[in-house]
Amino acid sequence: MSDETRLREAIARYGAILYQRGLAHGTAGNISVRLDDGSILVTPTNSCLGFLDPGRISKVGNDGTVLAGDPPSKEAFFHLAVYQERPAAQAIVHLHCTHSVAVSCLCHEDTGNVLPPLTAYHVMRIGKLPLVPYFRPGDRALAEAVRNAARDHAAMLLANHGPIVSARSLEEAVYNSEELEETAKLFFLIGNRPSRPLTCEAVEELNRVFPS
């Protein structure tokens, strides 16, 4: 089995997992992986992550040219922007999961980091989570905003839209996306009650012991 075939099957498998766990719905969200030649495999436009056909997953060149498969997600352009800024990134998961989207709809005084460090695992897997300004779906101007955020962040939140999470493998991108959604759930469960996020010292220790 070629690496490309294996990755196509992995995208379909993890897409189904995200769908079954309620983190993807309808035709919302998309997944991509980077191949050795710089091209990417990305889920097709109007496809449901729960029912992907590996053979129909789109293959797109690093210049956006469609090389194989069905037409790609109309958001493939911001996947390419992330890969261009993050050489170590090998996979991206973009979801419209409920609690993370809810966070993206709130007003935030600090858009440089819109979720508090409630758990060590959020700090280790996500770190600071910037909020990217709103752009209509498919607006190519979003690519530059995503590119700017990707220079310093593996994960970001698109305003009124949802999270983008990049990682060194598809498995890691999926798990980090799940961690982000669970932290967003905790954020709303705690609400206005007095809470005790991790201290700056605790966050610094985690970043030192578990560098990204």
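Please read these numbers as outputs of a predicted model, since none were measured by experiment. (Residues numbered from 1 in each chain as written. Predicted model: local features only at pLDDT ≥ 70, side-chain atom pairs only at ≥ 80, totals over all residues. Heavy atoms only, no water.)

**Digging into the side chain of Lys59**
No. 1: You can see Lys59 is positioned in strand β3 (residues 58-60).
No. 2: Classification of Lys59 as buried rests on a relative accessible area of 15%.
No. 3: Contacts of Lys59, omitting those with residues within four sequence positions, involve Glu4, Arg8, Leu35, Ser39, Ile40, Leu41, Thr65, Val66, Leu67 and Ala68. (Helix = DSSP H or I, 4+ residues; strand = E, 2+ residues; numbered from the N terminus. Buried < 20%, exposed > 50% of the residue type's maximum accessible area, 1.4 Å probe, protein only. Contact = heavy atoms within 4.5 Å.)

**Some points on the pattern of salt bridges**
No. 1: In the structure shown here, the tally under the stated rule is 10 salt bridges.
No. 2: For the salt bridge of Arg56 with Asp70, the shortest nitrogen-to-oxygen distance reads 2.8 Å. Of this pair, Arg56 sits in the loop between β2 (40-42) and β3 while Asp70 sits in the loop between β4 (66-68) and α2 (76-85); the two residues are 14 residues apart in sequence, bridging distant segments of the chain.
No. 3: For Arg56, a relative accessible area of 47% corresponds to the partly exposed category. (Salt bridge = Lys/Arg side-chain N within 4 Å of Asp/Glu carboxyl O.)

**Some remarks on the sheet that holds β4**
No. 1: One open sheet holds the 8 strands; their spatial order is β4-β3-β2-β1-β5-β8-β7-β6, and the pairing between them is mixed. Two strands close off the open sheet at either side, each with one partner strand: β4 and β6 (131-132).
No. 2: Bridge count between strand β1 (residues 30-34) and β2: 3 bridges; the pairing is antiparallel. The residue bridging Ser32 from the neighbouring strand is Val42, located in β2.
No. 3: Each of β6, β7 (155-158) and β8 (162-167) is contacted by helix α3 (residues 98-105), which is oriented at about 65 degrees to β7, the strand it contacts most.
No. 4: Strand contacts of helix α6 (residues 170-190): β1, β5 (91-94) and β8, with the helix running at about 145 degrees to β8, the strand carrying the most contacts. (Pairing = 2+ DSSP bridges. Axes fitted to C-alpha atoms, helices over the stretch in contact; angles between N-to-C directions.)

**Describing the packing of α2 against helix α5 (residues 141-150)**
No. 1: Between α2 and α5, whose axes approach to 8 Å, the crossing angle comes to 30 degrees. It follows from the interaxial angle that α2 and α5 lie roughly parallel. Note that α2 runs across α5; the crossing there is right-handed. From α2, Phe77, Phe78, Ala81, Val82, Gln84 and Glu85 reach across to α5, where they touch Leu142, Ala143, Val146, Arg147 and Ala150. (Parallel < 35°, antiparallel > 145°, perpendicular 65-115°, else oblique. Left-handed = near helix turned anticlockwise from the far one by under 90°.)

**Structural notes on the nonpolar core**
No. 1: Core analysis: the largest hydrophobic core is formed by 23 residues, its most contacted members being Ile11, Val93, Leu95 and Leu170.
No. 2: Tallying contributions element by element places helix α1 (residues 3-20) first for this core, with 6 residues.
No. 3: Those residues in contact with Leu95, other than ones at most four positions away along the chain, are Leu18, Leu23, Ala24, Gly29, Leu49, His161, Gly162, Pro163 and Ser177.
No. 4: In this structure, Val42, Phe78, Ala89 and Ile164 belong to the second largest nonpolar core, which totals 22 residues. (Core = buried A, V, L, I, M, F, W, Y, C linked by side-chain atoms within 4.5 Å.)

**Here we look at the packing of α3 against α6**
No. 1: One can describe the packing of α3 onto α6 by two numbers: an axis separation of 7 Å at closest approach and a directional angle of 60 degrees. As α3 runs across α6, the sense of the crossing is left-handed. On α6, the residues touching Thr98, His99, Ser100, Ala102 and Val103 of α3 are Leu180, Glu181, Ala184, Lys185, Phe187 and Phe188.
No. 2: The residue inventory of the contact of α3 with α6, partitioned by class, reads 6 nonpolar, 3 polar and 2 charged. (Nonpolar A, V, L, I, M, F, W, Y, C, P; charged D, E, K, R; others polar.)

**Observations regarding the packing of aromatic side chains**
No. 1: Taken as a whole and judged by the stated rule, the model has 3 aromatic pairs.
No. 2: A ring pair is formed by Phe77 and Phe78, whose centres lie 5.8 Å apart and whose planes are at 75 degrees; its orientation type is edge-to-face. Neither residue differs from the other here; Phe77 and Phe78 are each classed as buried.
No. 3: Aromatic pair Phe187 and Phe188: ring centres 5.3 Å apart, planes at 80 degrees, arrangement edge-to-face. (Phe/Tyr/Trp six-rings, centres within 6.5 Å; stacked < 30°, edge-to-face > 60°.)

**Structural notes on α5**
Every α-helix winds through 3.6 residues per turn, so residues three or four apart in the chain are directed the same way.
No. 1: Among the 10 residues of α5, 7 are classified as buried, and the element is accordingly described as predominantly covered.
No. 2: The set of residues buried in α5 consists of Leu142, Ala143, Ala145, Val146, Arg147, Ala149 and Ala150.
No. 3: Where the residues of α5 are buried, they touch α2, β6, β7 and β8.

**Describing the pairing of β1**
No. 1: The buried count for β1 comes to 5 of 5 residues, which makes it a mostly enclosed element.
No. 2: Burial along β1 is two-sided: the residues Asn30, Ser32 and Arg34 and Ile31 and Val33 are all buried.
No. 3: In terms of strand pairing, β1 meets β5 through 4 bridges, oriented antiparallel. Bridge assignment links Val33 to a residue of β5, and that residue is Ala91.
No. 4: Here β1 folds back onto β2 in antiparallel fashion, the turn holding 5 residues, of which Gly38 has a positive phi close to 95 degrees.

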